[in-house]
Structures are given as C-alpha cells and as structure tokens.
Amino acid sequence: SLTAGEKNVGVDVEQLDSIDIENQTFIERNFTDAEIAYCKQSPHPQSSFTGTWSAKEAVFKSLRTKSQGGGAALKEIEIVRENNIPSVKLSGDAAAKAAEASITGFKVSISHDDVQAVAVAIAEF
Amino acid sequence: SLTAGEKNVGVDVEQLDSIDIENQTFIERNFTDAEIAYCKQSPHPQSSFTGTWSAKEAVFKSLRTKSQGGGAALKEIEIVRENNIPSVKLSGDAAAKAAEASITGFKVSISHDDVQAVAVAIAEF
Amino acid sequence: SLTAGEKNVGVDVEQLDSIDIENQTFIERNFTDAEIAYCKQSPHPQSSFTGTWSAKEAVFKSLRTKSQGGGAALKEIEIVRENNIPSVKLSGDAAAKAAEASITGFKVSISHDDVQAVAVAIAEF
C-alpha cells in the first residue's frame, strides 16, 4: 500500500476523432453538464471533448482500480476548468475509491495538437 | 543530489510499428519471458510490445543515467502486470543504479491508440 | 495553495513540423542562445527544437499561471542539457512566478518519434 508522499501516475493518448461528439447519448453518459458546456463553447469542441476524455482516462489510471466496464464511471471523474487550468473533482464510486486508497488530491494536465490529445494525471497520497 | 520526496519523471512515445515483433532475437534481448508471454496473449500484441517498450524507456529516462548503448539494459527494466496495471521490477545494473541513486520505487502508466504508444514513469526518492 | 511534497504536472505534445526552424525571429524570441546551439548541432535539429519547445510548454503548464500572450515568456524557461538529460532553468518573470508559488524545482522529460515530440514536467513544492 502507498505511503504519504507517494504519487501514482496515469497517461492517456487519443486520436482527436476517437470521440464522436455528435453522439448525444454517449456524450451525456460520460461528460458532466459543466464539461459539455465548456467543451461546446471552446474554439475547437472536438479537441476539447477529446482532451477532457483523455484527462478522465489519465485520472482513472492514476486511481489504479480495475475498470468497471461500460465506461460509465468516467462521468464521476469531472475535469473542472478555472482560467483554462484543469483540475479534478470526483463523485460517486470514483470519490469512494480515491478515499479508500487515501488519495488526497489529483493534478492533471492536457495537451493536443492537430491529430491527438494527451493527458497526464498524478494522484497524491 | 535528490532529497526525500523528490521525483524524477520520464516520458516516451513510439509509433506502433517501431517495434519489429517478428524479430525474435531483438524481442528476446529486450523483453523478459513474462513480458513476452503477456504481450503475445494480449488482444493486440503489436500494441502491447510497443507499449511495454515505451514503459521501459520512460523508466530508463526517470533513472537519469547515461545510456549504455545497445539497449541491452532494457531487459533489466521489467514491466509487470497485475490486473492489467503495470508496475516496475528492476534487476542487474538497472537495480544497482536505482539503489545507488536512492530511488525507492517507480510508478508507470501506459497508453496507446491506433498509431502510437506513450508511457510516463515517475521515480521516487 | 500547495503544501510541501505536492507536485504540479504539465504535458505538451507537438507535431514535429509545428516549429518553423527557418524563422530566425521566432527562434530567437523563444529559445536561448544555448538552446539554439544545442538544437542546431543535434543529429535532428527539427526534432530537437520541437522537443525543447514542448518541454518549455510542459514546464509553463506546471507553473499553473495564465499565459501572458505572445509566448515571449518561453525564452525565460530554459531547457538545459547535461549528458543529454534535460533540466530547467528559469529567469525573469518565470522565475518570479515560480518563487511566488513556492516551487522548489522542476523535472522534465522529452521524447520524440518520427512525427511528434512530447514532454512532461513536474513542479515540486
């Protein structure tokens, strides 16, 4: 088990077209209302949605728990923006798992170019 | 020199086709038997081998030592999977260098999409 | 605010051709003399310039400050190489912001393949 000061790391890379932002059901199952609003008003919604997805996946990996299948839990990993700087807010089972693992916080960073998005997350203990 | 709580970071990106998984000599020089077994039984052996290679390179970079040439040392950086979650096991010179640098452990994460694999490693002091 | 032992993370990805290394004005505005000398004498100047740019951006993101526009501040984030291992040296406003945020140091790692460069930075508190 992890001790104070340890970090877990998660990385995720996605081709920009890997997220179908026209699929409303998919979007609403995986993104919160605030995330959808942020991504839709961005200059490049496709990049924003894929970058946000990538950040969720990176945070999920930094939790080091087994996937529950279906990806539904990604909605419980919310990427919040303040001044375009992303931070992480957990709810539901994701929050419970982080508490169980004694995770005290997350840091996440996102980048994209013309073809892909990549994100790195650190879980802190 | 590094003090307790510090971390080194390593990142590596590889196009999926950068590893020739048909080259048995290359594979056996760089991957352990357990890694080869894991990658061969995975749904996408090419992605698994390249992702594992990328993880080894990221860990190597987090060691912050000069390359020894030939890449042979990569076999000493083993990527172990438990429930598909990767962890790091060193042997030989790699283990000696980590001990010399007072590294207490590593965390690694791997991702791939249709064209590439990327990995991030953190070395902890 | 951050407490001792916390880390910020930054990631950046760039297509190799995203940096126009023939544009002397652009290069001199964003890279230090030492960076330019290092990148020009490398086996692949285009990869070196783009990787260095990516490292600067990753460090900038790990600072978690708002962009000042124009990108001029990137010259204040210098990527220094010793034995090909990159480290970070700040000057000017970038150094002031790091001090203000109580950042005690940075770690950075860079990777590139035939099409892109990626970098990850960690800011330590």
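Up top is the structure.
So, a few notes on the structure that sits alongside this text. Residue numbers run consecutively from 1 along every chain, following the written order of its sequence. The lettering of chains begins at A and the numbering of ligands begins at 1, in the order of writing. A pLDDT threshold of at least 70 governs which residues receive local features in this predicted model, and a stricter bar of 80 or more applies before side-chain atom pairs are shown or counted, although totals over entire chains, interfaces and linings include all residues. As a convention, hydrogens and water are excluded, and side-chain values are obtained from all of the structure's heavy atoms.

The next thing to look at is the interface of chain A and chain B. Facing 19 residues of chain A, the contacting portion of chain B comprises 18 residues. A pair is scored as a salt bridge if a Lys or Arg side-chain nitrogen falls within 4 Å of a carboxyl oxygen belonging to Asp or Glu. Counting across the chain A and chain B interface gives one salt bridge. Taking the shortest distance from any N to any O, the salt bridge between A:Glu6 and B:Lys107 comes out at 2.6 Å. Between N or O atoms, a polar contact is any pair within 3.5 Å; within protein, one atom must be a potential hydrogen donor and the other a potential acceptor, and residues adjacent in sequence are included only when both atoms are from side chains. Applying the counting criterion to the chain A and chain B interface returns 10 residue pairs in polar contact (both at pLDDT 80 or more). Note on conventions: DSSP H or I runs of at least 4 residues are helices, E runs of at least 2 residues are strands, and numbering of each starts at the N terminus. Breaking the side of chain A that touches chain B down by element, the ones donating at least two residues are β1 (7-15) and β5 (116-124) of chain A. Per-element accounting of the side of chain A that touches chain B gives the leading share, nine residues, to β1(A). Among the residues forming the side of chain A that touches chain B, the class breakdown is six nonpolar, six polar and seven charged. The contact rule is simple, with two residues in contact once any of their heavy atoms fall within 4.5 Å. Classification convention: Asp, Glu, Lys, Arg as charged; Ala, Val, Leu, Ile, Met, Phe, Trp, Tyr, Cys, Pro as nonpolar; all other residues, Gly among them, as polar.

Okay, the packing of helix α2 (residues 33-40) of chain C against helix α3 (residues 45-63) of chain C next. All names here are of chain C. Inter-axis angles, ranging from 0 to 180 degrees, are taken between N-to-C directions of lines fitted to C-alpha atoms, where helices are fitted over the stretch in contact. In the contact formed by α2 and α3, the axes pass within 8 Å of each other and the chain directions differ by 140 degrees. Touching Glu-35, Ile-36, Tyr-38, Cys-39 and Lys-40 of α2 are Pro-45, Ser-48, Phe-49, Thr-52 and Lys-56, all from α3. Partitioned by chemical class, the residues of the contact of α2 with α3 number five nonpolar, two polar and three charged.

The next subject is the pairing of β5(A). Residue and element names in this part refer to chain A. Exposure classes here rest on a 1.4 Å probe applied to the protein chains alone. A residue is buried below 20% of its type maximum, exposed above 50%, and partly exposed in between. Of all the nine residues making up β5, nine are buried; the element is thus mostly covered by neighbouring parts of the structure. Sheet analysis places β1 next to β5, joined by nine bridges and oriented antiparallel. Across the sheet, residue Glu-14 finds its bridge partner in β5, namely Ala-117. Looking at chain direction, strand β4 (residues 105-112) and β5 are connected through eight bridges and run antiparallel. Note on pairing: two strands pair once DSSP finds at least 2 bridges between them.

What follows covers the pattern of salt bridges. For the structure on display, the rule yields 18 salt bridges over all chains. Residues A:Glu78 and A:Lys89 are paired through a salt bridge, measuring 4.0 Å at the closest nitrogen-oxygen approach. Taken together, the residues span a long stretch of sequence, with A:Glu78 in strand β2 (residues 77-82) and A:Lys89 in strand β3 (residues 85-90) at a distance of 11 residues. Salt bridges sharing common partners tie together A:Glu6, B:Lys7, B:Lys107 and B:Glu124.

A separate point is the side chain of A:Thr52. Residue and element names in this part refer to chain A. Among the secondary structure elements, Thr-52 is positioned in helix α3 (residues 45-63). For Thr-52, a relative accessible area of 0% translates into the label buried. Residue contacts for Thr-52: discarding those within four places in its chain leaves Phe-31, Glu-35, Cys-39, Ile-79 and Arg-81.

Residue and element names in this part refer to chain A. Across the sheet, which stays open at both edges, the three strands sit in the order β1-β5-β4 with antiparallel pairing between neighbours. Both outer strands of the open sheet, β1 and β4, are each paired with one neighbouring strand and no more. Taken pair by pair, the neighbouring strands of this sheet meet at an average axis angle of 15 degrees, ignoring direction.

Moving on: the relation of the copies chain C and chain B. Residues below a pLDDT of 70 in either copy are left out; the C-alpha atoms of the rest, at least 70 in both, set the least-squares superposition of the copies. For the pair chain C and chain B, the best superposition has an RMSD of 0.0 Å and corresponds to a rotation of 120 degrees with a translation of 0.0 Å parallel to the axis. What the rotation and shift describe, once combined, is the action of a three-fold rotation axis. Rotation axis and chain C: the residue whose C-alpha lies nearest the axis is C:Gly5, separated from it by 3.5 Å.

With respect to the helices, strands and loops of the structure, A:Glu6 is situated in the segment before β1. Within the structure, the side chain of A:Glu6 is placed 2.6 Å from the side chain of B:Lys107, a separation counted as a polar contact.

Residues and elements named next belong to chain C. Spatially, β1-β5-β4 is the arrangement adopted by the three strands of the open sheet, whose pairing is antiparallel. Every interior strand has two partners, whereas the edge strands, β1 (7-15) and β4 (105-112), have only one. Adjacent strand axes in the sheet meet at a mean angle of 15 degrees when their direction is disregarded.

Take the pairing of strand β3 (residues 85-90) of chain C next. Residue and element names in this part refer to chain C. The side-chain alternation of β3 yields one buried face, formed by Pro-86, Val-88 and Leu-90, and one unburied face, formed by Ile-85, Ser-87 and Lys-89. Pairing between strand β2 (residues 77-82) and β3: six bridges, direction antiparallel. Looking at the pairing, Glu-82 lines up with Ile-85 of β3.

A word on the packing of aromatic side chains. Geometry of aromatic contacts follows a simple scheme: Phe, Tyr and Trp rings, the Trp one being its six-membered ring, pair when their centres are within 6.5 Å, and the pair is stacked under 30 degrees between planes, edge-to-face over 60, tilted otherwise. Going through the model one piece at a time under the given rule, you end up with nine aromatic pairs over all chains. Plain terms: the ring middles of A:Phe31 and A:Trp53 are 6.3 Å apart, the flat faces sit at 40 degrees to each other, and that makes the pair tilted. One end of the pair, A:Phe31, is in the loop between α1 (24-30) and α2 (33-41); the other, A:Trp53, is in helix α3, with 22 residues separating them in the sequence. Judged by relative accessible area, which is 0%, A:Phe31 ranks as buried. Take A:Trp53: its relative accessible area is 11%, and that puts it in the buried class. Where B:Phe26 meets B:Trp53, the ring centres are 5.3 Å apart and the plane angle is 35 degrees; that geometry is what we call tilted. Of the two residues, B:Phe26 is situated in helix α1 (residues 24-30) and B:Trp53 in helix α3 (residues 45-63); the sequence distance between them amounts to 27 residues.

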